[in-house]
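# Overview (structure and organization)
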Amino acid sequence: MFHETIYIYFNIHILGGSNMAKNILFRQALQTILVKKGTRTKKALLKHTKNAMDINKNLLFTLLENNKNTEYGQKYNFKDIHTIEEYKKNVPLTDYEDYKEYTKRMYFNKETNILTSDTVLHYNLSSATTGEMKYIPFHRFFFQKKYNQCIFIHNNYITRTYG
């Protein structure tokens with residue numbers, strides 16, 4: 001990344017040129033950076049898919065541990081879940097209706113430690129095409145661990161397909 005940043009700086013600020021030329025150089029350099037980062041992220045993702053069950057199991061137990069003291073975690077006894085079978089036995093299949101009142105409390109009342117122990121950074125609001133608007137919380141764990149990987153893979157795909 002450092003070398004690409006120097007390349008951008010050198011071409012734009014040292015060589016100068018018209019604004020149009022600077023914009024073209026900047027776009028080309030940015031595309032190069034995104035493709036490289038996306039390629040590395042894609043390789044990591046492909047490596048992880050070889051042992052996806054272990055990765056998902058670790059993620060599940062990390063989330064259970066991190067959220068065992070939340071209202072939702074206490075309701076479903078997260079602290080005593082140590083196997084996938086115990087998880088299936090204790091935690092029912094759900095849909096948005098099961099979370100609606102929790103997310104409303106989190107969104108409108110700014111209540112914490114309800115569904116997640118982590119800080120909610122953002123709420124996605126649905127367009128309410130099916131009736132009532134939905135409030136989907138995105139927390140720090142999601143952004144730090146997953147969101148950036150998805151964005152770089154997406155950018156890599158877009159750049160290679162349409163760039």
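Before going into details, it helps to say that this report is about the structure given with it. The shown structure was predicted, so the numbers you read here are calculated from the model rather than taken from an experiment.

Turning our attention to the overall build of the chain. Counting its regular elements, the chain contains seven helices and two strands. Counting from the amino terminus, the chain carries its helices and strands in the arrangement α-α-α-α-α-α-β-β-α. Evaluated residue by residue, the chain yields a buried proportion of 22% over its 163 residues. Nonlocal contacts in the chain, meaning residues at least 24 apart in sequence, comprise 45% of its contacts between residues at least 6 apart. Here the chain displays about 11800 Å² of accessible surface, and carbon together with sulfur accounts for 57% of that area.

Once that is clear, we can look at the side chain of T103. Within the fold, T103 resides in helix α6 (residues 96-109). If we ignore the near neighbours within four places in the chain, the residues touching T103 are Y96, L115, Y135 and P137.

Per the stated rule, a full pass over the model turns up seven salt bridges. Note that K79 and D80 form a salt bridge whose closest N and O atoms lie 3.2 Å from each other. For K104, the salt bridge is made with E132, and the minimal N-O distance between the two is 2.4 Å. Of this pair, K104 sits in helix α6 while E132 sits in the loop between β1 (120-125) and β2 (135-139), and the two are 28 residues apart along the sequence. Members of the salt-bridge network, linked through shared partners, are E97, K100, K104 and E132.

For soluble globular proteins, the rule of thumb is that nonpolar side chains tend to be buried together. Core analysis: the biggest nonpolar cluster contains 13 residues, and Y72, F78 and L115 have the highest contact counts within it. Ranked by residue count, the leading element in this core is α6, at three residues. Other than its neighbours up to four places away in sequence, L115 contacts N67, T70, Y72, Y99, Y102, T103 and M106.

All right, on to the packing of aromatic side chains then. Summed over all chains, the structure comprises eight aromatic pairs. Taken together, a centroid distance of 5.1 Å and an interplanar angle of 85° make the contact between Y107 and Y123 edge-to-face. On the criterion of sequence distance, the pair formed by Y107 in helix α6 and Y123 in strand β1 is long-range, its members being 16 residues apart. An aromatic cluster is present here, built from Y72, Y76, F78, Y99 and Y102 joined pairwise through their rings. Directly above the aromatic system of Y107 lies the positively charged group of K110, at a separation of 5.3 Å from the ring centroid.

It is worth spelling out the side chain of N67 at this point. Here N67 shows up in the loop between α3 (52-66) and α4 (71-75). When near neighbours in sequence (up to four residues on either side) are disregarded, N67 contacts G73, F78, L115, T116 and S117.

Let us look at the environment of D80. Counting through the fold element by element, D80 comes out in the loop between α4 and α5 (84-90). Considering only alpha carbons, one finds D80 and L64, 16 residues apart in sequence, at a separation of 9.5 Å. Side chain to side chain, D80 and K79 meet in a polar contact 3.2 Å long.

What follows covers the environment of F142. Within the secondary structure, F142 is located in helix α7 (residues 140-162). In this structure the C-alpha to C-alpha distance between F142 and V120, which are 22 residues apart in sequence, comes to 9.7 Å.

Counted at 1.5 Å a residue, the expected span for α6 with its 14 residues is 20 Å, and the 19 Å between its end C-alpha atoms agrees. Among all positions in α6, only Y96, K100, Y102, T103 and M106 are buried. At its buried positions, α6 is contacted by α4, β1 and β2. Trailing α6 by a residue or two, K110 shows a phi angle of about 60°, which is positive.

Cut-off values and rules
Residues numbered from 1 in each chain as written. Predicted model: local features only at pLDDT ≥ 70, side-chain atom pairs only at ≥ 80, totals over all residues. Heavy atoms only, no water. Helix = DSSP H or I, 4+ residues; strand = E, 2+ residues; numbered from the N terminus. Buried < 20%, exposed > 50% of the residue type's maximum accessible area, 1.4 Å probe, protein only. Contact = heavy atoms within 4.5 Å. Areas by Shrake-Rupley, 256 points an atom, 1.4 Å probe, with all protein chains shown as cover. Salt bridge = Lys/Arg side-chain N within 4 Å of Asp/Glu carboxyl O. Core = buried A, V, L, I, M, F, W, Y, C linked by side-chain atoms within 4.5 Å. Phe/Tyr/Trp six-rings, centres within 6.5 Å; stacked < 30°, edge-to-face > 60°. Lys NZ or Arg CZ within 6 Å of the ring centre and 35° of its normal. Polar contact = N/O pair within 3.5 Å; in protein donor to acceptor, adjacent residues only side chain to side chain. Expected span 1.5 Å × (residues − 1).

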